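# Coordinate inspection notes
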Amino acid sequence: MNILIAYYSKTGATEKVAMALERFLRKSHRVTLFRIKPVQEMKAHEYKKREKDLPLLQPLINLKDFDLVFVGTPVWNFCPTPITVSYLRRLVSAKGKRFVLFATCTALPGTTIKRMSNILTTKGATVVDSITIRSIFELDASKLGIAERFAERVLKEL
Ligand SMILES: Cc1cc2nc3c(=O)[nH]c(=O)nc-3n(C[C@H](O)[C@H](O)[C@H](O)COP(=O)(O)O)c2cc1C
């Protein structure tokens, strides 16, 4: 399969999970790792005001060549970050695609996965699985092992 792993990460935790997923998936599939970036870096609360149309830096939004798409986000205020939401809203050719969602947070993910799923299902996509990795400390090998086993499960259940 041709797999895309797109993620936003401000302080690196979600990026570590994305990289752990990539390390596992690339053993048997072609994987593109794509970091979503806003055009302008701001404080977290400032993004919220412009959530509907946040400009992103050269976003990889056309999914036509991908068979499976992972999208990862940090949790901000019990929700996906506005940057992640802007990315999901912009996606093209999502109809009929299979998605896997992942989130990182300290403790309380709130409605993060649900909100991401809603945007995607409205576009005609299917969310096949999701995971939230909680940690108040920097992600260690055991937490990254959870991500790896999750990727293994996703592949088995497809
Ligand atoms: C503005 C802001 C809001 C946050 N809100 C939550 C929250 O609602 N629930 C939670 O468990 N963690 C929350 N966190 C913690 C982050 O979700 C967590 O540190 C995450 O792993 C950071 O990912 P990153 O390192 O990829 O940016 C928040 C962090 C920030 C900066």
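Reference entry: report on the structure contained in this document.

### Details of the site of the ligand
Close to the ligand lie 17 residues, the nearest being Ser9, Thr11, Thr14, Val75 and Thr104. For the ligand, an oxygen atom lies 2.7 Å from a polar atom in the backbone of Phe78. At a separation of 2.7 Å, an oxygen atom of the ligand approaches a polar side-chain atom of Thr104. For the shell around the ligand, the elements supplying multiple residues, two or more each, are helix 1 (13-25), strand 3 (68-76) and strand 5 (98-105). At 3 residues, strand 3 tops the list of elements feeding residues into the shell around the ligand. Classifying every residue of the shell around the ligand by side-chain character gives 9 nonpolar, 7 polar and 1 charged.

### Quick word on a nonpolar patch on the surface
A surface patch of nonpolar side chains, about 210 Å² in accessible area, is lined by Met1, Val128 and Leu158. With respect to the helices and strands, the residue Met1 is situated in the segment before strand 1 (2-7). Residue classification places Met1 among the partly exposed residues on the basis of a relative accessible area of 33%.

### Describing the pattern of salt bridges
Under the criterion given, the structure shown has 6 salt bridges. Between Arg35 and Glu15 there is a salt bridge, and its shortest N-O distance comes to 3.1 Å. One end of the pair, Arg35, is in strand 2 (residues 30-35); the other, Glu15, is in helix 1, with 20 residues separating them in the sequence. A relative accessible area of 27% places Arg35 in the partly exposed class.

### A short note on unusual backbone geometry
Residues other than glycine seldom take positive phi values, yet Gln58 does so here, at roughly 30°. Among the secondary structure elements, Gln58 is positioned in the loop between helix 2 (44-48) and strand 3. For Phe78, which is not a glycine, the phi torsion comes out positive at approximately 65°. Relative to the helices and strands, Phe78 is located in the loop between strand 3 and strand 4 (79-80).

### With respect to the nonpolar core
In this structure, Leu4, Ile36, Leu63, Ile83, Tyr87, Leu91 and Phe99 are the most contacted members of the largest nonpolar core, which totals 30 residues. Contributions of two or more residues to this core are made by strand 1, strand 3, helix 3 (82-90), strand 5 and helix 4 (112-122). In contact with Leu63, other than residues within four places in its own chain, are Leu4, Val69, Leu91, Val92, Ser93, Ala94, Lys97 and Phe99.

### Notes on the packing of helix 1 against helix 5 (residues 141-157)
The interhelical angle for the contact between helix 1 and helix 5, taken along N-to-C directions, is 45°, at an axis separation of 9 Å. One element, helix 1, and the other, helix 5, form an angle in the oblique class. Considering only the axes of helix 1 and helix 5, their crossing is right-handed. Here Lys16, Val17, Ala20, Leu21, Phe24 and Leu25 of helix 1 lie close against helix 5, whose contacting residues are Leu144, Ala147, Glu148, Phe150, Ala151, Glu152 and Leu155. Of the residues that constitute the contact of helix 1 with helix 5, the class distribution is 10 nonpolar, no polar and 3 charged.

### Quick word on helix 3
Burial of helix 3 is extensive: 7 of the 9 residues sit out of reach of the surface. For helix 3, every residue scored as buried is listed here: Pro82, Ile83, Thr84, Val85, Ser86, Tyr87 and Leu88. Against strand 1, strand 2, helix 2, strand 3, strand 4 and helix 4 lie the buried residues of helix 3.

Thresholds, definitions, all that
Residues numbered from 1 in each chain as written. Predicted model: local features only at pLDDT ≥ 70, side-chain atom pairs only at ≥ 80, totals over all residues. Heavy atoms only, no water. Near = heavy atom within 4 Å. Polar contact = N/O pair within 3.5 Å; in protein donor to acceptor, adjacent residues only side chain to side chain. Helix = DSSP H or I, 4+ residues; strand = E, 2+ residues; numbered from the N terminus. Nonpolar A, V, L, I, M, F, W, Y, C, P; charged D, E, K, R; others polar. Patch = residues over 30% accessible without salt bridge, like charges linked within 9 Å, V, L, I, M, F, W, Y side chains within 5 Å. Areas by Shrake-Rupley, 256 points an atom, 1.4 Å probe, with all protein chains shown as cover. Salt bridge = Lys/Arg side-chain N within 4 Å of Asp/Glu carboxyl O. Buried < 20%, exposed > 50% of the residue type's maximum accessible area, 1.4 Å probe, protein only. Core = buried A, V, L, I, M, F, W, Y, C linked by side-chain atoms within 4.5 Å. Contact = heavy atoms within 4.5 Å. Axes fitted to C-alpha atoms, helices over the stretch in contact; angles between N-to-C directions. Parallel < 35°, antiparallel > 145°, perpendicular 65-115°, else oblique. Left-handed = near helix turned anticlockwise from the far one by under 90°.

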